[in-house]
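Take a look at the letters that make up each chain.
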Amino acid sequence: MKIAIAQLNPTIGNLTANAQHILDVARQAASQDTNLLLTPELSLCGYPPRDLLLDPSFIEAMGEQLQHLARNLPKNLATLVGTVMPNERSTVDGGKPLYNSIALLYRGQIQQVFHKRLLPTYDVFDEHRYFEPDGESNYFTLPTTSNSDPLINIGVTICEDLWNDEDFWGKRHYGCNPIADLASAEVDFIVNLSASPYCVGKQQLREEMLRHVATRYKTPIIYTNQVGGNDDLIFDGSSVALNRAGEVVCRALSCQTDVVEVEFDAQTRDFLPGSITPIPTSEEAQIWEALVLGVRDYARKCGFSRIVLGLSGGIDSALVAAIAAEAIGAENVLGVLMSSPYTSKASVDDALALANNLGIATHTLEIAELMGDFDRTLEDLFAGTEPGVAEENLQSRIRGNLLMAIANKFGHLLLSTGNKSEMAVGYCTLYGDMDGGLAAIADVPKTRVFSLCKWLNTRQPGQEVIPTNIIVKPPSAELKPNQVDRDSLPPYEILDDILHRLIHCHQSPAAIIEAGHDRDIVQQVLRLVRRAEFKRRQAPPGLKITDRAFGTGWRMPIAANRQPLSI
């Protein structure tokens with residue numbers, strides 16, 4: 001039996017285009033005598049559809065499109081399509097009105113429907129808001145290519161159904177284990193159809209888990225993942241098949257659409273070796289691929305063809321400019337230099353050198369006169385006060401207004417350039433440098449920004465991408481004379497470790513201090529993180545690359561008065 005793994009990049013809500021992509025891949029697979037085509041979770045509507053699912057007309061249109069697909073798919077090709085199905089007993093028995101489902105389309109009809117059993121409600125997931133969990137094991141049967149061979153039983157699971165093996169995790173997160181149930185049913189192999197968002201190191205974790213499952217139950221397994229950027233989430237694909245010994249026999253591309261084939265041998269009841277795409281060798285390479293995909297898809301799916309951003313000569317805007325140029329082409333990126341009386345000549349030179357390296361266009365706007373206009377307008381109201389943060393932030397807001405004006409005038413996508421360290425502690429200006437339609441590196445800590453820029457300069461030996469001076473000079477907002485970030489913040493190596501322990505590891509202040517950090521610095525960072533929540537709530541969507549991002553999975557209150565923890 002030949003099985004095609006279709007790693008698709010759907011546009012959320014575009015049922016017609018998504019169905020056409022499935023149909024195109026199916027026709028290609030059928031021409032190569034493929035028996036079974038796998039598509040990702042909710043491949044018909046895209047994942048996550050969120051509150052589109054509350055619109056009855058959307059659900060009805062999805063059902064019509066599924067019927068259309070069933071009629072038009074090649075008749076000799078069994079196809080698994082991710083879709084939504086009504087829970088017709090919800091009005092009688094209670095429960096949610098929908099199922100997260102997989103439909104088996106074969107010989108012109110919907111032959112069978114399988115429902116997701118485990119519904120995640122952590123991090124970015126909120127599936128209990130829409131879906132009812134199913135309680136039954138799901139499998140179907142297909143004949144082999146030889147009439148003399150027995151039938152093949154294929155177990156069906158959907159994303160989270162895979163993530164509940166108590167031996168692997170040390171405990172169960174849900175009451176049932178769908179994989180164990182299918183193994184007890186003695187299926188020949190299992191397919192898991194997923195829309196699993198990217199974060200650093202996740203593919204290695206997936207494959208370790210899949211290897212454990214395959215060897216524990218002595219059952220081959222195929223993992224089919226969605227690819228593409230949808231709002232703040234990035235789906236990296238990296239679909240994979242493992243044989244019953246837990247060996248990878250097939251792997252699709254990372255961060256690209258792909259169709260790969262694996263063959264199930266009816267005699268050995270196992271997968272035969274196929275093509276294996278290597279995993280990117282470093283975390284920086286993986287993150288770079290993901291960020292480029294996230295920016296490209298956000299622009300494409302939102303209808304933008306050009307990008308604008310502010311170029312300060314600093315390392316954050318340098319990285320974002322490089323991502324933008326890679327994502328949509330350097331010819332479609334505009335970098336705007338907005339010098340103030342505090343902007344050093346070195347920063348201007350560095351920004352222009354970066355633009356030259358990347359091949360992007362630049363435009364320079366001086367803001368000194370605008371700063372003077374604001375000072376004169378506020379002179380009476382501010383009389384008797386000392387210049388401070390308010391005046392500094394005016395510079396950032398002037399720049400933000402200019403960038404937004406350019407974006408509005410020409411229909412460009414404005415990328416904000418703030419990193420995760422700044423967003424965590426509020427070292428950013430609301431309605432200033434936080435302006436934008438997408439925050440490209442809002443989940444990238446400052447120390448990682450540096451490592452990514454250094455890595456970029458090693459991709460092609462002898463070809464500098466980020467000017468060396470941008471990497472080696474002390475970071476500065478340049479909003480007053482001789483300003484550097486260390487005037488207001490701990491060194492980034494210290495800050496980022498504290499933030500990682502606090503945000504990702506959920507460590508207590510006492511534990512962070514016990515790990516070797518200064519008590520006063522820990523208290524300062526905790527205070528800054530809490531105070532900045534109102535800023536983060538108003539920030540543009542930020543591409544998620546870690547397991548704990550300031551986005552849909554971060555749900556902290558703003559108007560809270562948590563008592564200080566004793567440390």
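Located above this text is the structure these notes cover.
Residues numbered from 1 in each chain as written. Predicted model: local features only at pLDDT ≥ 70, side-chain atom pairs only at ≥ 80, totals over all residues. Heavy atoms only, no water.

Caption draft 1: Region of interest: the overall build of the protein chain. On a plain count of helices and strands, the protein chain comes out with 18 helices and 20 strands. The C-alpha radius of gyration computed for the protein chain amounts to 26 Å, which stays within 12% of the reference 24 Å derived for 567 residues, consistent with globular compactness. Expressed along its principal axes, the backbone C-alpha trace of the protein chain runs to roughly 90 × 55 × 50 Å. Put simply, the protein chain has 567 residues, and 56% of those count as buried. A fraction of 74% describes how many contacts in the protein chain between residues 6 or more apart in sequence connect residues 24 or more apart. Here the protein chain displays about 24,200 Å² of accessible surface, and carbon together with sulfur accounts for 50% of that area. Here the protein chain carries 50 positive and 69 negative side-chain charges, and the mean point of each set is 2 Å from the other. (Helix = DSSP H or I, 4+ residues; strand = E, 2+ residues; numbered from the N terminus. Rg over C-alpha atoms; globule rule 2.2 N^0.38 Å. Buried < 20%, exposed > 50% of the residue type's maximum accessible area, 1.4 Å probe, protein only. Contact = heavy atoms within 4.5 Å. Areas by Shrake-Rupley, 256 points an atom, 1.4 Å probe, with all protein chains shown as cover. Lys, Arg positive; Asp, Glu negative; His and termini not counted. Charge placed at Lys NZ, Arg CZ, Asp CG, Glu CD.)

Caption draft 2: The sheet that holds strand 14 (residues 258-265), seen in detail. The mixed open sheet is built from seven strands, whose spatial order is 5-4-3-2-1-14-15. In this open sheet, the two edge strands, each paired with only one partner strand, are strand 5 (109-115) and strand 15 (270-271). Of the strand pairs in this sheet, strand 3 (residues 78-86) and strand 4 (residues 98-106) are connected by eight bridges, and their pairing is antiparallel. If you follow Pro86 over to strand 4, its bridge partner there is Leu98. Packing of helix 1 (residues 15-31) onto the sheet brings it into contact with strand 1 (2-7), strand 2 (36-38), strand 3 and strand 14, and relative to strand 2 it is tilted by some 145°. The strands that helix 2 (residues 56-72) touches are strand 3, strand 4 and strand 5; relative to strand 3, the one it contacts most, it runs at about 160°. (Pairing = 2+ DSSP bridges. Axes fitted to C-alpha atoms, helices over the stretch in contact; angles between N-to-C directions.)

Caption draft 3: Here's a closer look at the packing of helix 1 against helix 2. Interaxial distance between helix 1 and helix 2 falls to 10 Å at its minimum, and their mutual angle equals 20°. As summarised for this structure, helix 1 and helix 2 are arranged roughly parallel, according to the angle between their axes. When the axes of helix 1 and helix 2 are compared, the crossing they make is right-handed. Residues Leu15, Thr16, Ala19, Ile22, Leu23 and Arg27 of helix 1 pack against Phe58, Ala61, Met62, Gln65, Leu69 and Asn72 of helix 2. When grouped by side-chain class, the residues that make up the contact of helix 1 with helix 2 number eight nonpolar, three polar and one charged. (Parallel < 35°, antiparallel > 145°, perpendicular 65-115°, else oblique. Left-handed = near helix turned anticlockwise from the far one by under 90°. Nonpolar A, V, L, I, M, F, W, Y, C, P; charged D, E, K, R; others polar.)

Caption draft 4: Representation of the packing of helix 8 (residues 315-328) against helix 13 (residues 446-456) within the structure. Helix 13 packs onto helix 8 with a crossing angle of 55° between their chain directions and a minimal axis gap of 10 Å. As far as their axial angle goes, helix 13 and helix 8 are oblique. Viewed along their axes, helix 8 and helix 13 form a crossing whose handedness is left-handed. Contacts from Ile315, Asp316, Leu319 and Ala322 of helix 8 reach helix 13 at Lys446, Val449, Phe450, Leu452, Cys453 and Leu456. Class assignment of the residues belonging to the contact of helix 8 with helix 13 gives a composition of eight nonpolar, no polar and two charged.

Caption draft 5: Local environment of the pairing of strand 1. Within strand 1, five of the six residues are buried, leaving the element largely enclosed by the surrounding structure. Of the pairings in the sheet, the one linking strand 1 to strand 14 comprises six bridges and is antiparallel in character. From the neighbouring strand, Ala6 faces strand 14, where its bridge partner is Val259. What joins strand 1 to strand 2 is helix 1, and the crossover it makes is right-handed. (Right-handed = clockwise from strand over helix to strand, strands pointing away.)

Caption draft 6: Geometry of helix 1. Between the first and last C-alpha of helix 1 there are 24 Å, a value that for 17 residues agrees with the 24 Å anticipated at 1.5 Å per step. Buried residues along helix 1 sit in contact with strand 1, strand 2, helix 2, strand 3 and strand 14. Where helix 1 terminates, the next one or two residues include Asp33, which has phi positive at roughly 60°. (Expected span 1.5 Å × (residues − 1).)

Caption draft 7: Inspection of helix 8 at higher detail. When the terminal C-alpha atoms of helix 8 are compared, their 20 Å separation across 14 residues agrees well with the 20 Å that a helix rising 1.5 Å per residue should span. Of all 14 residues that make up helix 8, 13 are buried, and the element is covered over most of its length. The positive-phi residue at the C-terminal boundary of helix 8 is Gly329, with phi of around 95°.

Caption draft 8: Up close: the nonpolar core. In this structure, Leu291, Val295, Leu311, Leu319, Ile360, Ile441 and Ile466 are the most contacted members of the largest nonpolar core, which totals 54 residues. Of all the secondary structure elements, the ones that give two or more residues to this core are helix 7 (283-301), strand 16 (307-310), helix 8, strand 17 (333-337), helix 9 (345-358), strand 19 (413-416), helix 13 and helix 14 (468-472). Not counting residues up to four positions away in its chain, the partners in contact with Leu291 are Ile234, Ile323, Ala440, Ile441, Val444, Leu452, Leu543 and Ile545. Of all hydrophobic cores here, the second largest spans 39 residues; its members include Leu23, Leu98, Leu119 and Val124. (Core = buried A, V, L, I, M, F, W, Y, C linked by side-chain atoms within 4.5 Å.)

Caption draft 9: Main features of the sheet that holds strand 19. Spatially, five strands are ordered 18-17-16-19-20 in an open sheet, and the strand pairing comes out parallel. Strands at the two margins of the open sheet, each flanked by one partner only, are strand 18 (361-364) and strand 20 (438-439). Docked against the sheet, helix 11 (residues 389-410) engages strand 16, strand 17 and strand 19, running at close to 170° with respect to strand 16.

Caption draft 10: The arrangement of unusual backbone geometry in detail. Residue Pro48 follows Tyr47 across a cis peptide bond; omega there is 0°. Summarising the element assignment, Pro48 is placed in the loop between strand 2 and helix 2. Positioned with a positive phi, Arg269 is a non-glycine residue whose angle comes to about 55°. Under the relative-accessibility criterion, Arg269 is labelled buried at 17%.

Caption draft 11: Spatial organisation of the environment of Leu499. Note on placement: Leu499 falls in helix 15 (residues 492-504). Judged by its relative accessible area of 6%, Leu499 is buried. The residues contacting Leu499, other than those within four sequence positions of it, are Ser421, Ala424, Val425, His504, Val525 and Val529.

Caption draft 12: Region of the structure containing the packing of aromatic side chains. Under the definition given, this model contains eleven aromatic pairs. Taken together, a centroid distance of 5.4 Å and an interplanar angle of 75° make the contact between Tyr122 and Phe125 edge-to-face. Taking the ring centre of Phe550 as reference, the NZ or CZ of Lys420 above it sits at 5.7 Å. For the cation-ring pair, Arg536 lies above Phe550, with the distance from its terminal atom to the ring centre recorded as 4.7 Å. (Phe/Tyr/Trp six-rings, centres within 6.5 Å; stacked < 30°, edge-to-face > 60°. Lys NZ or Arg CZ within 6 Å of the ring centre and 35° of its normal.)

Caption draft 13: Local environment of the pattern of salt bridges. Inspection of the entire model under this criterion finds 30 salt bridges. Between Asp93 and Arg89 there is a salt bridge, with its nearest N and O atoms 2.7 Å apart. Of the residues examined, Asp93 reaches a relative accessible area of 53% and is grouped as exposed. Residue Lys446 pairs with Asp316 through a salt bridge whose shortest N-O separation is 2.9 Å. Placement of Lys446 in helix 13 and of Asp316 in helix 8 is noted, with a sequence separation of 130 residues between them. Exposure remark for Asp316: the relative accessible area of 9% places this residue in the buried category. (Salt bridge = Lys/Arg side-chain N within 4 Å of Asp/Glu carboxyl O.)

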